[in-house]
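Residue-level listing of the chains:
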Number of protein chains: 2
Amino acid sequence: MKKYIPVLKNTKLFAGVGEEELALMLGCLQARLCTYKKGEYVFKQGERLGNITVLTEGKLHIQSDDYWGNRSIINVVNVGEMFGEAYAAPDSGDILNDVVAVEDSAVIFFDVKKILTVCSSACKFHSTVVQNLFFAISEKNRNLVRKLGLMAKRTTREKLISYLSEEAKKNNNGTFDIPFNRQQLADFLSVDRSAMSNELCKMRDEGLLVFKKNKFTLL
Amino acid sequence: MKKYIPVLKNTKLFAGVGEEELALMLGCLQARLCTYKKGEYVFKQGERLGNITVLTEGKLHIQSDDYWGNRSIINVVNVGEMFGEAYAAPDSGDILNDVVAVEDSAVIFFDVKKILTVCSSACKFHSTVVQNLFFAISEKNRNLVRKLGLMAKRTTREKLISYLSEEAKKNNNGTFDIPFNRQQLADFLSVDRSAMSNELCKMRDEGLLVFKKNKFTLL
DNA sequence: CTCTTTTCGTTGTAAAAACAACAGACTTAT
DNA sequence: ATAAGTCTGTTGTTTTTACAACGAAAAGAG
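My aim in this report is to walk through the structure given alongside it, one point at a time. (Residues numbered from 1 in each chain as written. Chains lettered and ligands numbered in written order. Predicted model: local features only at pLDDT ≥ 70, side-chain atom pairs only at ≥ 80, totals over all residues. Heavy atoms only, no water.)

Another point: the pattern of salt bridges. Residue and element names in this part refer to chain B. Scanning all chains against the criterion turns up 20 salt bridges over all chains. D65 is paired through a salt bridge with R71; the nearest N and O atoms lie 2.7 Å apart. For the salt bridge of D177 with K215, the shortest nitrogen-to-oxygen distance reads 3.4 Å. Of this pair, D177 sits in strand β9 (residues 175-177) while K215 is found in strand β11 (residues 215-218), placing the two residues 38 residues apart along the sequence. The class for K215 is partly exposed, based on a relative accessible area of 42%. (Salt bridge = Lys/Arg side-chain N within 4 Å of Asp/Glu carboxyl O. Helix = DSSP H or I, 4+ residues; strand = E, 2+ residues; numbered from the N terminus. Buried < 20%, exposed > 50% of the residue type's maximum accessible area, 1.4 Å probe, protein only.)

Here is the structure:
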């Protein structure tokens, strides 16, 4: 687990905490490391959660499949990002989505109670972490609202334009890579893949954008 | 403002704080009361926010209108509920949605900094409020994910069934009132009103449910 | 390198939603 | 009580999406 300390140091959760303190806190917060092969589930819908988790290696999707097999990708978790923090409160109920590794991944679990309860001695950075946690969850909240704005768009084209514009803005560049293949992008936007592919090509033919595989350029 | 202390006492934000302490905290947290007539805006998209707010009277919608006039209702704020808490972090950026009074309303504003900074003396309940704030924002997070699940549904019928089922569960009763008229429900689900109305009537004719105005019964 | 599997674009058809327009029921204000 | 305005359901048309099926290109395995 030690080897991930440099990763943890750069997370939003542990912002402002030094490597030495971090090493101490790993014990204090009862950190556990688990690894997952591509395709394995970290959590499944309906489970209970008593942990806050940080992805230290790989990539995860937060998603759910409905009765008919339609998949909906809620969010992507990248290295250094946190997940499960919305279930930190004691009466949070079952988790609503699956969390699945889309690459070989490593996850560190922290005991929620240990984080929320101010500890006795060593960890003077404890209160920093609690505040970090609050800010991080606020940010996630804003991102969820942003995604809701995306999902509220009525047509596939509007969804694509909104999504790609945001990605361009995020990268400060009209050219950028998206973290999805076509099927995943369709699942993220909740549309049919072939219809989306069709619409993308129409937009390309109209001169709105160009793309090659996952690299897009807005014109 | 005093007259709203009983309301505040029952909010999730001030859970566990007595009325006397609350009276003190109002000053400590620099509470301000504002009232709004039906239809007035509390916040507009693009503004900055340095407050956490509690609705003490009336009803609000968090919504946004796109370029073509399509309205999307993100959420409803009822008496005793909080809003704006996702912008408590210092670098939260502009707010993404409008907040509008759908009834004559009263809102109490609290200074975010005063809440997050532990105060000197009187307010021994300060840390309670900070933890309440964290739990409340976690819950809102879960609700946003739930709404995303709704929006991910591909057809109007599926959206309706999901929404109405959740409302029934929330009320522990197959018969319940919804807080929307038809146009608002359509805006909440991001579908066309007439198409939705049509679908509702088809579902009624198929014997799935009955309704009269805002009162629905699932069968 | 060859074979297999996955990804992506393309097409045609069927289903669903958006849109527009309108009439009747219900509300609200005067 | 009347008139004006709003809300809701209904219908027909147009647009968009979903679905299914397939071939070519790309990626991965042996």
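In this assembly, 39 residues from chain A lie in contact with 39 residues from chain B. Taking both sides of the interface into account, the surface hidden between chain A and chain B amounts to around 3,300 Å²; carbon and sulfur atoms contribute 66%. When residues of chain A are sorted by the area they lose upon contact with chain B, A:R142, A:L148 and A:R154 head the list and together hold 21% of the total. Inspection of the chain A/chain B interface yields zero salt bridges. Summed over the shared surface of chain A and chain B, the result is four residue pairs in polar contact (both at pLDDT 80 or more). Of all the secondary structure elements, the ones that give two or more residues to the side of chain A that touches chain B are β5 (71-77) and α4 (126-151) of chain A. Per element, the largest residue contribution to the side of chain A that touches chain B is 15 residues, and it comes from α4(A). Classifying every residue of the side of chain A that touches chain B gives 19 nonpolar, eight polar and twelve charged. (Contact = heavy atoms within 4.5 Å. Buried area = accessible area lost by both parts, 1.4 Å probe. Polar contact = N/O pair within 3.5 Å; in protein donor to acceptor, adjacent residues only side chain to side chain. Nonpolar A, V, L, I, M, F, W, Y, C, P; charged D, E, K, R; others polar.)

Glancing now at the environment of B:T35. All names here are of chain B. Structurally, T35 is set in strand β1 (residues 32-36). Each C-alpha atom of the pair T35 and V107 lies 6.2 Å from the other, and the pair is 72 residues apart in sequence. Those residues within four positions of T35 in sequence are excluded, and the remaining contacts are E40, S105 and A106.

The next thing to look at is the protein's contact with DNA strand C. As a structural note, the neighbourhood of DNA strand C is formed by 17 residues, with A:R182, A:S197, A:N198, A:F211 and B:T156 the closest of them. Separating a base oxygen of DNA strand C from a side-chain N or O atom of A:R193 is a distance of 3.1 Å. If you list the elements that add at least two residues to the surface near DNA strand C, you get α7 (193-205) of chain A together with α7 (193-205) of chain B. Considering every element that reaches the surface near DNA strand C, the biggest residue donor is α7(A), with six residues. Its residues placed into classes, the surface near DNA strand C shows three nonpolar, eight polar and six charged. (Near = heavy atom within 4 Å.)

So, about the environment of A:K212. Residues and elements named next belong to chain A. Among the secondary structure elements, K212 is positioned in strand β10 (residues 209-212). Under the relative-accessibility criterion, K212 is labelled exposed at 66%. Along the chain, K212 and D177 lie 35 residues apart, while their C-alpha atoms are 9.6 Å from each other.

This is a description of form; function is not addressed.
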